[in-house]
Amino acid sequence: MTASDTERTKPARSASTAPGSWVRFVGAVCLLGAAAATLAAGPALPTWIIALGRQSSLTGDDTARWLAAGWATLGVMVALSPRFAPGPIFIGGVSLAFIGLATLSGALAPATRAAGQSSIGVVIGLAVTAVGLLLVGVIGPHAGRSTSPVRRGVSTAWHVLATIALLAGLLIWMPQAPMRTTAPMITVRDFSAPDSTAPRNTVEFVSFEFDRWEGQSIEAVGLFEYMPALRELLAGVAPSGRVYLVFYNPRCGHCHDLFREHFSGHLDAPVIAIEVPPPPGGTLVETDEPTAIDCPECHRIALPATYAWGVTPPAVVRLDSGIITCASESTSFTPKGCVDEHAR
């Protein structure tokens, strides 16, 4: 072979290896994106995935982290190992396609459609299925064909050990990775009404998990589901900036103390006073407290009286531009310092 022949073959070899690199790059991005999307989805993960994890004694957060760690491991393997790229791409694509089809099936179930919640599930199911099929049917085969031959070097056993070490490292790091928790922001369970003559002897007992609210948007915690009027009220009084939500009971002495101390005069930030009603059929205890709170500039609203509310008043939620920056329920004078000293 002449020197000119060698020069003509070099560009051909370089061109043949370039598609393999780009295909592997796209595959790695898809798998790493799946890991990031899993952590970002949190409570929006399909319920069947969380339920499957619980059968293995895993919490919803642990399930999400295991999934994310697995896809991240596959993505890193694809990026770093041209020789073994097709395998991780195929495994990741099959798992994504399966999850997408299962999610799509659940979204099209009669119960889901009757509840009017199928649209988002259909979109998510189709998107995940499409990514999975793309990995299996297009990216994987091209990654295997287009990658240039690799010289003999590190054995397969070392690749396996490196993969195990990588997965272990990701699992160690995952608990510190930011993610939206799958733990409920609001819990609901059955509650027996104390008055057997009530129209319904059993009502729903609704508890606000204030310790999980901080850092979440007011939209994400699910409060608007029980108080749709609160959405409009917030849009009117505080489209941006700081606002306080104060849950109170008019028969609670600490609640009256809180309003008198912080909200009885002119308010620098809007305050929405939310009354917590007694449970259906409940008996009101005697009190010497006034029936009205001392807050002339407060906007007032009440939780629906058809539920039993597991809220210990006074509870304070501080919002800054729609994000909950402090949330606490307590019988102390100023719950968790959520009330700014310059609130009025």
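Above this note sits the structure.
Everything in this summary refers to the structure shown in the same document. Predicted model, so just to flag it, every value in this text is computed and none were measured.

## Some words on the overall build of the protein
Within the protein, the secondary structure is distributed over 10 helices and 8 strands. Looking at the protein residue by residue over its 344 residues, the buried ones come to 38%. A sequence separation of at least 24 residues applies to 75% of the contacts in the protein between residues at least 6 apart.

## Focus on the packing of aromatic side chains
A full pass over the atoms with the stated rule returns 14 aromatic pairs. An angle of 55 degrees between the planes, with centres 4.9 Å apart, marks the rings of Phe210 and Trp213 as tilted. For the residue pair Phe210 and Trp213, the accessibility class agrees, reading buried in each case. Ring geometry for Tyr226 against Tyr307: centres 5.3 Å apart, planes inclined by 85 degrees, an arrangement best described as edge-to-face. Linking Tyr226 in helix H8 (residues 223–226) with Tyr307 in the loop between strand S5 (299–302) and strand S6 (308–310), this pair joins segments that are 81 residues apart in sequence. A residue is classified by how much of its surface remains accessible, and Tyr226, at 12% relative accessible area, is buried.

## Remarks on helix H10 (residues 253–262)
Turning to H10, its buried residues number three or more, namely Cys255, His256, Leu258, Phe259 and His262. For H10, the arc enclosing every buried residue in end-on projection is 160 degrees, short of the 170-degree limit, so these residues lie on one face. Check the buried side of H10 and you find it contacts strand S3 (242–248), strand S4 (271–275) and strand S7 (315–320).

## Considerations on the state of the cysteines
Summed over the entire model, instances satisfying the criterion amount to 2 disulfides. Each disulfide pairs two cysteine sulfurs, and for Cys295 the partner residue is Cys298, the sulfurs being separated by 1.7 Å. Taking the sign of the S-S torsion, 70 degrees for the link of Cys295 and Cys298, the bridge is right-handed. Across the pair, exposure class does not vary: Cys295 and Cys298 are buried alike. Each disulfide pairs two cysteine sulfurs, and for Cys326 the partner residue is Cys338, the sulfurs being separated by 1.9 Å.

## Considerations on the nonpolar core
Residues Phe208, Trp213, Leu223, Leu245 and Phe247 are the most contacted members of the largest nonpolar core, which totals 31 residues. Of all the secondary-structure elements, those providing two or more residues to this core are strand S2 (202–208), H8, helix H9 (228–237), S3, S4, S7 and strand S8 (323–329). Among the nonpolar cores identified, the runner-up in size contains 29 residues, and Leu31, Ile50, Ala69 and Trp71 belong to it.

## Section: the side chain of Arg318
Along the chain, Arg318 turns up in strand S7. The exposure class assigned to Arg318 is buried, which follows from its relative accessible area of 14%. In contact with Arg318, other than residues within four places in its own chain, are Arg242, Val243, Tyr244, Ile323, Ile324, Thr325, Cys326, Gly337 and Cys338.

## Here we look at the pairing of S7
Most of S7 is tucked away: 5 of the 6 residues are buried. Both S3 and S7 contribute to a ladder of 6 bridges, which runs antiparallel. The partner of Phe247 across the bridge, within S7, is Ala315. Here S7 pairs with S8 via 6 bridges, running antiparallel. Residue pairing for S8: Ala315 is matched across the bridge by Glu329. Linking S7 to S8, which pair antiparallel, is a turn of 2 residues; within it Ser321 sits at a positive phi near 55 degrees.

Rules used in this analysis
- Residues numbered from 1 in each chain as written.
- Predicted model: local features only at pLDDT ≥ 70, side-chain atom pairs only at ≥ 80, totals over all residues.
- Heavy atoms only, no water.
- Helix = DSSP H or I, 4+ residues; strand = E, 2+ residues; numbered from the N terminus.
- Buried < 20%, exposed > 50% of the residue type's maximum accessible area, 1.4 Å probe, protein only.
- Contact = heavy atoms within 4.5 Å.
- Phe/Tyr/Trp six-rings, centres within 6.5 Å; stacked < 30°, edge-to-face > 60°.
- Arc of directions from axis to C-beta.
- Disulfide = S-S within 2.5 Å.
- Core = buried A, V, L, I, M, F, W, Y, C linked by side-chain atoms within 4.5 Å.
- Pairing = 2+ DSSP bridges.

No statement about biological role is implied by the geometric values presented.
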